[in-house]
Amino acid sequence: MISSEQCSKTSEGLWIRCPRLGGEAPFTYCMQEAGDLPCHRIIVCWQAFFPVEAYLRKKLSPQKWDEFADKKPKEKITSLLELIEEAKSKGDEE
Amino acid sequence: MEQTKVVLADNEIPRQWYNILSDMPTPMSPPLHPGTGKPVGPEDLAPVFPMNLIEQEVATDRWINIPEPVLEKYLIWRPTPLIRARNFEKLLGAPVKIYYKYEGASPPGSHKPNTAIAQAYYNKAFGIKRLSTETGAGQWGSALSMACAMFGLECRVFMVRISYEQKPYRRLMMATWGTECIPSPSDRTRAGRKILSESPDSPGSLGIAISEAIEDAVGNKDSRYSLGSVLNHVLLHQTVIGLEAHKQLAKIDVYPDVVMGCAGGGSNFAGLSLPFVRDKIHGKKLSVVAAEPASCPTLTRGPFAYDFGDTAMTTPLLPMHTLGHDFLPESIHAGGLRYHGMAPIVSHLVKEGIVEARAYDQIETFTAGVKWARSEGVIPAPETNHVIAAVVQEAERAKQEGKEKVILFNFSGHGIIDLSAYDAFLSGKLTQHKLTDEEIERALKSIEGFPKP
């Protein structure tokens, strides 16, 4: 994962207003937004400016690319329920 | 003198919220629990929401009373004015009358407190002592902070670290209202500690922040979680905007041809439009438009391109094709309302063809916002610029078609605390055009050494 400092060092040509964050974000942020995968919007947001899909295919391992390409964003309520279960199970472990 | 503002007296504020679920022409599919595959029940949500809000989440009553303590707080800035944008009309030179609901009048400067106040009240009434939430750049976090302060609740906001470092003003607002604003990932939660152990300088993400906020709420009987968008009860609370607008337009005997709002999670769009959507469902003729973000430069598209090609939004956005794109799974390709946390109610209305979604890129939205500021004075929030870009497009259509139109839109917030976004736009920091090969090479070289995701 990249660091906050690395994020801010991104070249000036690679900043965008992130519609999810509600603020400006560098391309490097988009690359790690989903933890070990890029943000699911990265192609929608960036493809108009440079061939980000080709870049991702080159940058990601074939396995990671497939994982990224096959991953469907979840409905909010589904994400919430998963996080609730996760938090409850972590609580039980302690 | 021509009238510019339409105001309601305090005693004319709506006493009920409107619930669109009672008028949906087709039923919405219930959300399913990812673990059991069965419809989500109240008990599934109980660890994070109080039961009185869960009841609202699943309610089908058409009207829901607004509690007096909520109305008392609303009255600090509500009813908000309905304003005719005469200067912007002149600037556009189109046969349109433009009215907007000014939601920037609230103390944090946006529509968000309409639900923050209600959620804080219901949590307090349920006996909750602390609310936690996540925030990106701080719009929601600041609204909830104010609401919690008003109802004597503790508030803990997990703010994505990259925004926490870049955007000090909203976290200072939160601190002023007594909230503990924590950069995420943090050492307060197991989820945050795990990330920090792997990457101590992580810039965070909304996903991490929400994990932390949920974990903070779950397992503590006095704490709950609060969400500022997407969910049914959030949209319900926001309908006070449209209900006021309905009354205000009736006072001047005007009815809109087009109702518009910007749609991120859908709450401000729904807040204004749902009472008008009800009219449409019952036979009134009007267009309802949700303006959402895209990134594609205007120059690459036709005048009315980039709408979704069909009501089911299965058609990919056009720029992908203009760039010689070959194949991508639809989950990535479509990128529209369905795919970035849009409210199910709004998605359903789009699917039904009742609401139309249009996408606008960041440059045309800021261009429209600057035009607005230079004619109407108020500097819009960057999100609000999306709907202003939609208004510009609609006015251009009216001009081309030679039709007079009344446009109503939701001015969801002012941009005084987001001036850094304007700095980024005005200084050319935001990517403004399709990069040349040379620019791409230079830009990507600068991040080549970064670890792979």
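Keep in mind that this is a model prediction, so the values were computed, not measured.

Draft legend 1. Layout of the overall build of chain B. A tally of regular secondary structure across chain B gives 20 helices and 13 strands. Considering chain B as a whole, with its 453 residues, one finds that 54% of them fall into the buried category. At a minimum sequence separation of 6, the contacts of chain B that also span at least 24 residues come to 75%.

Draft legend 2. The environment of N410 of chain B, seen in detail. Residue and element names in this part refer to chain B. Examined against the element boundaries, N410 turns out to sit in strand β13 (residues 405-411). Taking the C-alpha atoms as reference points, N410 and V277, 133 residues apart in sequence, are found 14 Å from one another. Excluding its chain neighbours within four sequence positions, the residues that come into contact with N410 are K101, E103, I241, G261, N268, F269, G271, L272 and V387.

Draft legend 3. Layout of the pairing of strand β12 (residues 356-361) of chain B. Residue and element names in this part refer to chain B. Among the six residues in β12, five count as buried, and that is most of the element. Here six bridges tie strand β11 (residues 287-294) to β12, and the two strands are oriented parallel to one another. Bridging across to β12, A294 finds its partner in D361.

Draft legend 4. Fine view of helix α9 (residues 190-198) of chain B. Residue and element names in this part refer to chain B. Among all positions of α9, only A191, G192 and I195 are buried. The buried residues of α9 occupy one face: seen down the axis, they fall within an arc of 95°. Lining the buried residues of α9 we find β8 (180-184) and α10 (206-217).

Draft legend 5. Looking closely at helix α2 (residues 51-58) of chain B. Residues and elements named next belong to chain B. If you check which residues of α2 are buried, you get L53, I54 and Q56. The arc that holds the buried residues of α2, viewed along the axis, is 160°, so those residues lie on one side. For α2, the secondary structure elements touched by its buried residues are α1 (42-45), β3 (63-65), α5 (113-125) and α11 (232-238).

Draft legend 6. Spotlight on the sheet that holds β12 of chain B. Ordered in space as β1-β4-β5-β13-β10-β11-β12 (chain B), the seven strands form an open sheet in which the pairing is mixed. Edge positions in the sheet fall to β1 (5-6) and β12 of chain B, since each of these pairs with one other strand and no more.

Draft legend 7. Just the sheet that holds strand β7 (residues 154-160) of chain B, in detail. Residue and element names in this part refer to chain B. Taken in spatial order, the four strands line up as β8-β7-β6-β9 in an open sheet, and their pairing is parallel. In the strand order of this sheet, the two ends are held by β8 and β9 (223-225), each with one partner. Within the sheet, the average angular offset between the axes of one strand and its neighbour, ignoring direction, is 25°. Of the strand pairs in this sheet, β7 and β8 are connected by five bridges, and their pairing is parallel. What sits directly across from V157, in β8, is C181.

Draft legend 8. Structural context of the domain arrangement of chain B. Residues and elements named next belong to chain B. Partitioning chain B into structural domains gives domain 1 (83-103 + 234-426) and domain 2 (113-227). Contact with domain 1, which involves nine residues of that partner, is made by seven residues of domain 2. Listing elements by their share of the side of domain 1 that touches domain 2, those giving two or more residues are α11, α12 (240-251) and α13 (267-281). Looking at the side of domain 1 that touches domain 2, the element that brings in the most residues is α11, giving three residues. The residue inventory of the side of domain 1 that touches domain 2, partitioned by class, reads four nonpolar, five polar and no charged.

Draft legend 9. Region of interest: the confidence of the model for chain A. The share of residues in chain A with pLDDT of 70 or more is 82%, and the mean pLDDT across the chain is 81. Within chain A, helix α2 (residues 27-32) of chain A carries the highest mean pLDDT (91), whereas helix α1 (residues 4-8) of chain A carries the lowest (49).

Draft legend 10. Summary view of the confidence of the model for chain B. Of all residues in chain B, 85% attain a pLDDT of 70 or more, and the chain-wide mean is 87. For this predicted complex, the interface confidence comes out at an ipTM of 0.86, alongside a pTM of 0.88.

Draft legend 11. Highlighting unusual backbone geometry. Residues and elements named next belong to chain B. Cis geometry is adopted by the peptide bond preceding P79, which originates at R78 and carries an omega value of -10°. Its place among the elements puts P79 in the loop between α3 (68-74) and β4 (82-84). Omega for the peptide link from S184 to P185 comes to 10°, which places this bond in the cis form. Note that P185 resides in the loop between β8 and α9. Positive phi, normally seen in glycine, also occurs at V230, with a value near 70°. In this structure, V230 sits in the loop between β9 and α11. Backbone geometry places D253, a non-glycine residue, at a positive phi of 55°. On the basis of neighbour count, D253 is assigned to the exposed category, with 6 C-beta atoms found within 10 Å.

Cut-off values and rules
- Residues numbered from 1 in each chain as written.
- Chains lettered and ligands numbered in written order.
- Predicted model: local features only at pLDDT ≥ 70, side-chain atom pairs only at ≥ 80, totals over all residues.
- Helix = DSSP H or I, 4+ residues; strand = E, 2+ residues; numbered from the N terminus.
- Buried ≥ 20, exposed ≤ 12 C-beta atoms within 10 Å, placed from the backbone.
- Contact = placed C-beta atoms within 7 Å.
- Pairing = 2+ DSSP bridges.
- Arc of directions from axis to C-beta.
- Axes fitted to C-alpha atoms, helices over the stretch in contact; angles between N-to-C directions.
- Domains from an automatic or database assignment.
- Nonpolar A, V, L, I, M, F, W, Y, C, P; charged D, E, K, R; others polar.
- pLDDT = per-residue confidence, 0-100.

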